[in-house]
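Breakdown of the fold
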Amino acid sequence: MRPCASIGAAMAASFAVCRLHMRGRGILVKGLQKVDTCLHRNIGTNVVAAQSAALRKDETDEKEGCKSLYAVQAERQEQAERSVLISCHSRTNEKKFLKHLSKHGDIKKYFFYESYGMYAVVEFANRESVASLLEEAVIPSVNHESMVPFKSRLLSLKNLGSADSTNQQSGHQCQPQATIPINELIQRLSREESIDQQITFLTEAYQLTEENSRLRFLVCSLLKDIAAAYFPECNIKPFGSSVNGFGKLGSDLDMFLDLDGISGRNTKMPKSGLSLEYQMKRANSERAVTQSTLSVIGECVDQFGPGCVGVQKILNARCPLVRFAHQPSGFQCDLTANNRVAMKSTELLYLYGVLDPRVRFLVFTVRCWARAHGITSGIPGAWITNFSLTVMVLFFLQRRSPPIIPTLDHLRDLAGPADKSVIEGNDCTFVSDISKIQLQSNTETLEKLLCEFFEFYATFAFNKMSISIRKGKEQNKPEVAPLHIQNPFETSLNVSKNVNATQLERFVALCQESSWLLQQSETNTPGSGNKGNTPTPWGLATLLLPSQVAGIKSRKKRRREPASERIKSLLESLKNNNQQKKS
Ligand code: CTP
Ligand code: MG
């Protein structure tokens with residue numbers, strides 16, 4: 001099936017566009033030829049999608065160049081507001097289902113997916129259709145239970161007993177919402193012919209799909225309906241890996257409750273004449289406003305939010321948040337407010353991701369490798385986070401010769417007046433017009449870069465140096481944390497403050513071993529040693545093998561032996577010397 005193109009593959013599409021843009025600059029990356037065609041292949045998606053004029057529109061958009069993150073977000077948000085989420089039966093007759101919904105207006109796109117049951121996301125061409133559909137919906141009739149009468153765009157399709165409203169053979173093709181299991185990934189990678197192709201495959205298999213991305217915006221839009229009960233002009237925007245181009249299926253959904261439209265942050269006061277102002281309750285600080293807002297919205301989500309479970313209000317954190325699971329989508333959600341710096345870093349990561357395709361390929365590979373070896377974890381703790389890892393990859397790419405991506409200071413120097421942004425005293429200015437950024441001509445392959453990445457961090461002076469993508473150069477460590485990665489915008493903060501010495505040591509040891517393994521695989525021929533249908537893991541596949549960790553330990557011992565042998569013989573010779581002197 002043709003990839004769904006609504007802005008959709010918007011992000012994927014914009015990455016593809018940027019690659020064309022790149023080639024226009026005469027940058028040819030050996031080993032990346034397959035990439036262009038590959039990203040247009042929709043791996044593992046069996047989406048039942050309505051064809052629409054949107055596809056043609058998006059093709060036009062693709063030609064226009066890379067969209068800014070703001071443009072992508074605005075378009076997707078608008079799309080989400082015209083959408084509903086419907087729980088339905090796995091044997092729902094698709095034709096009848098669509099016919100029924102079409103009574104309310106044209107359907108622009110729809111797809112089915114499974115998450116504790118079957119769901120359909122339906123996007124109408126017009127908002128009026130959603131209003132009309134909601135008019136039709138009734139309150140559930142329950143005998144013994146009481147219900148909070150909060151109406152939302154999360155609905156259930158009921159079969160009212162007509163014999164042909166379900167279809168035994170229907171078997172919907174569902175859009176996968178989870179990544180392929182690691183064992184399957186290893187096998188698929190082992191069938192690829194080069195490490196560059198393996199990296200490309202891994203990225204395609206792990207990146208967010210068009211549908212998963214839509215679902216993320218739809219969940220934000222459903223949440224906004226709840227928050228709008230108090231703040232009608234509010235907005236809820238996704239940030240972090242849901243939109244920065246580095247998200248994978250299964251990543252959490254970070255959301256930002258934006259009250260700027262109400263708080264007057266973006267409005268200008270009249271300079272003269274009469275004017276009226278709202279009377280508002282005063283709070284002690286911005287933080288206190290954030291805490292009380294999130295507390296109330298968190299309570300609403302908990303008490304009234306259909307499908308929202310396990311709500312925790314974590315209001316005393318450095319960045320207060322409400323955490324919950326959204327069951328119908330399967331997303332773990334973090335709702336924050338007043339978190340504008342994180343929105344900026346999301347925008348920055350997105351920009352770096354579209355500047356050069358190798359950025360995303362390398363970030364996906366390193367993130368997947370780190371997860372396979374427990375370097376990162378879904379549970380908070382002393383682990384390196386994906387955000388830290390991403391910054392480490394960016395820093396490494398800035399340190400290539402010539403650099404693959406520019407420093408943040410350079411991006412700030414290229415900024416125009418409209419790009420100026422100071423948030424809570426932090427300079428968050430950087431250029432938004434991608435065409436102003438001149439890249440240097442670096443043609444290193446993905447294989448080379450991956451190998452060099454491991455080598456770079458296997459020997460990095462973590463004890464003395466800090467990583468700074470602002471300067472693109474190692475800086476002296478300002479504090480004694482084992483790992484110091486300067487926050488790109490709040491420069492006095494360390495984004496990896498949570499990491500302890502043990503976790504850093506594990507990371508370094510794995511970098512050493514992975515670099516060694518990749519060098520070994522140079523002598524391996526892909527696909528050699530096939531046993532039946534199971535190919536022998538090689539290249540990137542060996543780096544992801546859990547058993548390889550055990551192998552790593554034993555190799556480490558072996559490799560250390562000569563050193564300990566040398567020390568032993570040195571001691572022996574000293575002893576002998578001493579004895580000789582005494583005698
Ligand atoms: N962030 C930040 N400083 C930190 C941690 C996070 O600015 N110390 C911002 C980054 O923009 C990050 C976003 O908050 O992308 C969300 O954080 P998190 O969910 O931890 O990382 P993600 O990039 O979303 O990665 P993941 O897929 O693991 O969720
Ligand atoms: Mg996240």
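As shown above, the structure is provided for reference.
Bear in mind that the values here come from a model prediction, so they are computed numbers and not experimental data.

1. Brief notes about the site of ligand 1
Looking at ligand 1, there are 15 residues lining it, with S241, D252, S345, R367 and N386 nearest. S241 is positioned such that a nitrogen or oxygen atom in its side chain is 2.7 Å from an oxygen atom of ligand 1. Between ligand 1 and D254 there is a distance of 3.0 Å, counted from an oxygen atom to a side-chain nitrogen or oxygen. In the complex, the protein chains occlude 78% of the 560 Å² of accessible area that ligand 1 would expose alone. Among the elements of the structure, α12 (340–355) and α14 (386–398) are those that each provide at least two residues to the shell around ligand 1. Considering every element that reaches the shell around ligand 1, the biggest residue donor is α12, with 3 residues.

2. Regarding the pattern of salt bridges
Considering all chains together, one arrives at 26 salt bridges under this definition. Two residues, D260 and R340, come together in a salt bridge whose shortest N-O distance is 2.7 Å. Here D260, found in helix α10 (residues 260–263), pairs with R340, found in helix α12; they are 80 residues apart in sequence, far enough to count as distant. The exposure class of R340 is buried, given its relative accessible area of 15%. A salt bridge links E474 to R399, with the shortest nitrogen-to-oxygen separation between them at 3.2 Å. With E474 in the loop between β12 (465–466) and β13 (475–476) and R399 in the loop between α14 and α15 (408–413), this residue pair connects regions lying 75 residues apart in the sequence. By sharing partners, the salt bridges in this structure join R76, E78, R82, E123, E210 and R214 into a single network.

3. A look at α14
Turn by turn, an α-helix covers 3.6 residues, leaving residues three or four places apart pointing in a common direction. An ideal rise of 1.5 Å per residue puts 18 Å on 13 residues; α14 measures up with 18 Å between its terminal C-alpha atoms. Counting buried positions along α14 gives 11 out of 13 residues, so the element sits mostly inside the fold. Within the span of α14, buried status applies to S388, L389, T390, V391, M392, V393, L394, F395, F396, L397 and Q398. Close packing links the buried residues of α14 with α12, α13 (357–372), α15, α16 (446–458) and α17 (501–521).

4. A few points about the nonpolar core
Ranked by internal contacts, the top residues of the largest apolar core, which has 84 residues, are W369, Y457, F462 and F507. Dropping the residues within four chain positions of it, F507 is found in contact with W369, I375, I384, L389, M392, Y457 and F462.

5. Topic: the coordination of the magnesium ion (ligand 2)
Protein coordination of the magnesium ion (ligand 2) is provided by D252 (OD) and D254 (OD), with donor distances spanning 2.1 Å. Among the residues examined, D252 registers a relative accessible area of 28% and is labelled partly exposed. With a relative accessible area of 13%, D254 lands in the buried category.

6. Some remarks on the sheet that holds strand β1 (residues 83–88)
If you walk across this open sheet you meet the 4 strands as β2-β3-β1-β4, and the pairing is mixed. Each edge of the open sheet carries a strand with a single partner, namely β2 (107–114) and β4 (154–156). The sheet shows a mean angle of 25 degrees between the axes of neighbouring strands, taken without regard to direction. Both β1 and β4 contribute to a ladder of 3 bridges, which runs parallel. If you follow I86 over to β4, its bridge partner there is L155.

Quick notes on the rules
- Residues numbered from 1 in each chain as written.
- Chains lettered and ligands numbered in written order.
- Predicted model: local features only at pLDDT ≥ 70, side-chain atom pairs only at ≥ 80, totals over all residues.
- Heavy atoms only, no water.
- Near = heavy atom within 4 Å.
- Polar contact = N/O pair within 3.5 Å; in protein donor to acceptor, adjacent residues only side chain to side chain.
- Areas by Shrake-Rupley, 256 points an atom, 1.4 Å probe, with all protein chains shown as cover.
- Helix = DSSP H or I, 4+ residues; strand = E, 2+ residues; numbered from the N terminus.
- Salt bridge = Lys/Arg side-chain N within 4 Å of Asp/Glu carboxyl O.
- Buried < 20%, exposed > 50% of the residue type's maximum accessible area, 1.4 Å probe, protein only.
- Expected span 1.5 Å × (residues − 1).
- Contact = heavy atoms within 4.5 Å.
- Core = buried A, V, L, I, M, F, W, Y, C linked by side-chain atoms within 4.5 Å.
- Donors = N, O, S within 2.8 Å, 3.2 Å for Na, K, Ca; no water.
- Pairing = 2+ DSSP bridges.
- Axes fitted to C-alpha atoms, helices over the stretch in contact; angles between N-to-C directions.

Functional significance is not addressed by these values, which are geometric in nature.
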